[in-house]
Each structure stands twice: as C-alpha cells, then as structure tokens.
Amino acid sequence: MDTEARPTRALVLHPELTTEGNRRPAQPALEEAVSLAVALPGLEVCGAEIVRLRAVQPGTLFGKGKLDELKTMIHDEEIDLVLIDGSLSPVQQRNLEDRWKTKILDRTGLILEIFADRAATREGVLQVELAALSYQRTRLVRAWTHLERQRGGLGFVGGPGETQIEADRRAIDEAITRIRKQLERVVKTRTLHRAARAKVPFPVVALVGYTNAGKSTLFNRLTGADVMAKDMLFATLDPTMRGVTLDSGQRIILSDTVGFISDLPTQLVAAFRATLEEVLEANLIIHVRDISHADTAGQAADVQTIMSDLGVDEDTPVLELWNKADLLRDEAGTQLRTVAERREDVCLISAVNGEGIDEAVHRITELLGGLRQTEVLTLGFAEGKARAWLFAQEVVQDEQQTEEGWTLTVHWSSRQKADFETAK
Ligand SMILES: Nc1nc2c(ncn2[C@@H]2O[C@H](COP(=O)(O)OP(=O)(O)OP(=O)(O)O)[C@@H](O)[C@H]2O)c(=O)[nH]1
Ligand SMILES: [Mg+2]
C-alpha cells in the first residue's frame, strides 16, 4: 500500500454534557459531525462516538478515565486527527494534542477548513480568510496564559510573552484590515451588478435553509440550471442567481446560497454577511427544510436564529418548503401532509421527484402577487373613474393636481395593479 497516499485517519467525538438540558439530540448531532468530517477531502472517518460528560474539565474537557480510554483507542486505530464536535479553548486543544499525540480540530475549526476548501470565487476566498483570522485572533487572546508559560514569562503584564502576543495580534489586525479592504472592492463591484439588476422589475426570491436540505436541487428544478447539488455538507458556498419564468408565468430572480448549520461560527456569519445580502434584500424567502431529517425542528430553529442574527427584515414573507417528502414513511407522510395542507405558509414537496412543486409555484406566485410596491401614476382629467377606483381601494398615498390631470403615488400589490388595468 502506498503509505504517502494514505488518507488522514479521523476520529469524531461528540461531547454531550449530561447536566445540560439536551439542546440537540446526540445521535443526529454525531451523524452531522461525521458528515462534516466527510465533507473535508482526504479524511477517512475511522470511528465516531458520543462522549457523555458529567462536567467539563477546564484543562482537558474530558475526565482522566475517558482521556486514557480514548488514548488507547487513538493509538490502536492509528488516528491522526480527532474532531471534537463542540468548542475547545486553546488550552484544552493544546493539552489534548499533547496527551493524545494527534492533531485536534474543534467544530469551528472544522467548518472553517471546509469553507476554505470550497471557496471558489475571490469573494469567497477573502471571506473565509477573514473569518479564519478573526478566529485565530480570539484564540490568541485566550491563549495568553498558555503562550506566556511556553515562552518562559511569568505571566506579568508587560512580560516578554505579552509583547510577542501583542506583535502577533498586530500582525493579524493588519492582515484583517488588508483583507477587509480587498473584500470591500469586490463587494462594491457586485453591488453595482446588483444595482443594474434592481432595474429589472422582477422580485428576488431567496432560497435559505440548513445545509443539505435540498436548496440547490430545488434551484436546478425550478431554473433548469445545473449547479452542484450533492449529498455533502456545504456543497454550495458562493451564491448563484438566475432569472426564471415559473410555470405560473411569474418571473422572478431566484438565488441559491450557502447553507446554514447549528453553531455556525460567528466569525463566518459576519464574514458572509455581504454574500447573504441577497437574502437580506429578498422580496420573498423560501425556507427549504429536510422534513425527513431526525432533527428537522432543531434545524429549522437554527436557521431562524441565524436569519435574525443576520438582520433579515421581519416583514419579509417566508414560505416553508418541506422537502424530501419522498423519504417519509407512510404514517409520518400522511400526518405531515395534513399539517402542510392546513398551514398557508407550508408546502410539502420533493425536489427530486417533483411532488408538490406545482402547488409550491402557485403559492410563490400568490405571495408575490400580494406584495406591495410604490408607484407613481399620471391620470388625465378624463380618467376620473380610474381615480375613484384607486381611492376606493385605499392605495393612494399622495396626490397632486397638474394642468392635465393628477399625479398619484400609490402603494399597491401586483394583484391590485392588475385589477386596476382591467377596471380603468
Ligand atoms: N430523497 C430526496 N433527496 C433529496 C431531495 N432534495 C435533495 N435531495 C438530496 O439531498 C442532498 C443535498 O441536496 P443539495 O441540493 O445539494 O442541498 P443544499 O441545501 O443545496 O446543500 P448545501 O449546498 O450543502 O447547503 C443531495 O444528495 C440531493 O440529491 C428530495 O426531495 N428527496
Ligand atoms: Mg447547495
């Protein structure tokens, strides 16, 4: 066997604090952590385990007994990398690396690695770099005592160690400033493109959802495009937008974006804000959910949290598409179908076999038809009937009389606009 081409042997550990009310069920969380590991090229997952903890050991996370037990396993299985599905302090990371003689990555570190691997556009690369630097910077700060000791200082303020950290921190800050500037330039160009697009009077519909929910598959089905849709976490990183005429005749600009995940590193959310501007400014948000997933409710809650962190306008209408209906077992399927039928803001679909798509398109069209926009109309004196119609609909915000008639500012829905065309 060619030892050089040997993949990195990884062990995935999901620490579960038994004292905490379980925020996320452990089994699907562990499965997700394994999927994250698999999403990084060159890794072979050789083991995955839920580690129940009664308390967190500040220095090592795990207690003595567990540490030794895992050490034996790591040695026997020839593990090169241990992925800890949680956050580690720099001190914990260092101690575990020393004790187990392996590389350690925590959840944020792993997600950053995946993003770094996926980034394809200039903007994507810069955003990931920015996030990684911000992450490193916080670790430098927190690693203070540890680095101090390593460099032989005594931990007094102003000691040699601190000077070194100050220097490291300054170097990171300079790099952050440099990348921010580059990013601003890239974003400015894109904003110009978007401004050009804004002149196109089609509403923007943004697909959002947990990673692997099926956003790209749906995007491809609706647009006939061929963006990568794969059973792999974070298959999509860079946003894609495409103009499309839905089967209902409604024209929209559809955007596919990066998927969300629980405990998404804050540095990444911040760095990707620009990319996600399409979502922030969308006329309609489609929340794609994998309804067959064991923790679908938890995933939906995480998506909502991230959306409000990003500052998505609460007035933006949201349509939930419960995807992967084809994977539901009979009773579960019947039950969910009943719930979906009762709820106006939900459609049950399968992006793979097309079930429910017509209904979803119908709902999208209806929702967009109900959206209001402001327009200025000019009416001649002969059009008094049309003017009266507008007032009766209570859509007039402002009116000015001119020599030929009236100039009216109206705030109305596309449906009212269409009715007006027939009524006048
Ligand atoms: N059975 C089934 N599988 C689906 C359906 N929709 C998507 N998938 C599968 O789910 C996996 C993920 O699909 P993607 O479209 O890449 O998901 P995504 O939401 O774009 O994921 P990210 O880009 O990683 O955020 C792929 O293997 C798809 O084939 C569906 O309706 N039914
Ligand atoms: Mg995708």
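In the annotation of an unreviewed UniProt entry, the protein is listed under the name GTPase HflX and assigned to Harenicola maris. Per its UniProt entry, the protein bears the Cofactor (unreviewed entry) comment "Mg(2+)".

Let's shift gears to helix H4 (residues 107–118). In this model H4 runs 17 Å from its N-terminal to its C-terminal C-alpha over twelve residues, within 8% of the 16 Å that 1.5 Å per residue would give. Within H4, nine of the twelve residues are buried, leaving the element largely enclosed by the surrounding structure. For H4, every residue scored as buried is listed here: Arg107, Thr108, Gly109, Leu110, Ile111, Leu112, Ile114, Phe115 and Arg118.

What follows is about the sheet that holds strand S11 (residues 372–380). In spatial order, the strands read S11-S13-S12; together these three strands make up an open sheet with antiparallel pairing. Two strands bound the open sheet, and with one partner strand each, they are S11 and strand S12 (396–401). The average undirected angle you get between the axes of adjacent strands in this sheet is 15 degrees. As judged from the five bridges shared by S12 and strand S13 (residues 405–413), these two strands associate in the antiparallel manner. In the strand pairing of S13, Gln400 is matched with Thr407.

Moving on to the domain arrangement of the protein. If you check the domain split of the protein, you get domain 1 (8–109), domain 2 (119–195), domain 3 (201–369) and domain 4 (372–423). The centre of domain 3, based on its C-alpha atoms, is set 35 Å off from the matching centre of domain 4.

For helix H12 (residues 330–342), spanning 13 residues, the distance from its first C-alpha to its last is 19 Å, which sits close to the expected 18 Å at 1.5 Å a residue. Along H12, only one of the 13 residues are buried, which leaves the element largely exposed.

This part is about the sheet that holds strand S10 (residues 346–348). Strand order in the open sheet made by the six strands is S6-S7-S5-S8-S9-S10, with mixed pairing throughout. In this open sheet, the two edge strands, each paired with only one partner strand, are strand S6 (240–245) and S10. This sheet shows a mean twist of 25 degrees between the axes of neighbouring strands, independent of strand direction. Bridge count for strand S8 (residues 284–290) against strand S9 (residues 318–323) is six bridges, and the pairing is parallel. Looking across to S9, one finds that Ile285 is bridged to Val318. The sheet strands contacting helix H11 (residues 296–310) are strand S5 (204–209) and S8, and the helix crosses S8 at an angle near 150 degrees. Against the sheet, H12 contacts S9 and S10, and its axis sits at roughly 145 degrees relative to S10.

So, how was this worked out
Chains are numbered independently. Their residues run from 1 in the order of the written sequence. For naming, the first written chain is A and the first written ligand is 1, with later ones following in the order written. This being a predicted model, a pLDDT of at least 70 is required before a residue's local features are given, and a value of 80 or more before pairs of side-chain atoms are given or counted; all residues contribute to the totals for chains, interfaces and linings. UniProt positions are given in the numbering used here, feature names are shortened, and annotations may be inferred rather than shown by experiment. In this text, helices come from DSSP runs of H or I with a minimum length of four residues, and strands from runs of E with a minimum of two, each type numbered from the N-terminal end. The span expected for a helix works out to 1.5 Å for each residue beyond the first. For every residue, the other C-beta atoms within 10 Å of its own C-beta are counted; 20 or more classify it as buried, 12 or fewer as exposed, and values in between as partly exposed. C-beta atoms are placed from the backbone. Any two strands between which DSSP finds at least two bridges are classified as paired. Think of each axis as a best-fit line through the C-alpha atoms, taken over the contacting stretch in the case of a helix, with angles from 0 to 180 degrees between the N-to-C directions. A domain assignment, automatic or from a database, supplies the domain bounds used here. Whether two residues are in contact depends on their C-beta atoms, placed from the backbone: they are in contact if these lie within 7 Å.

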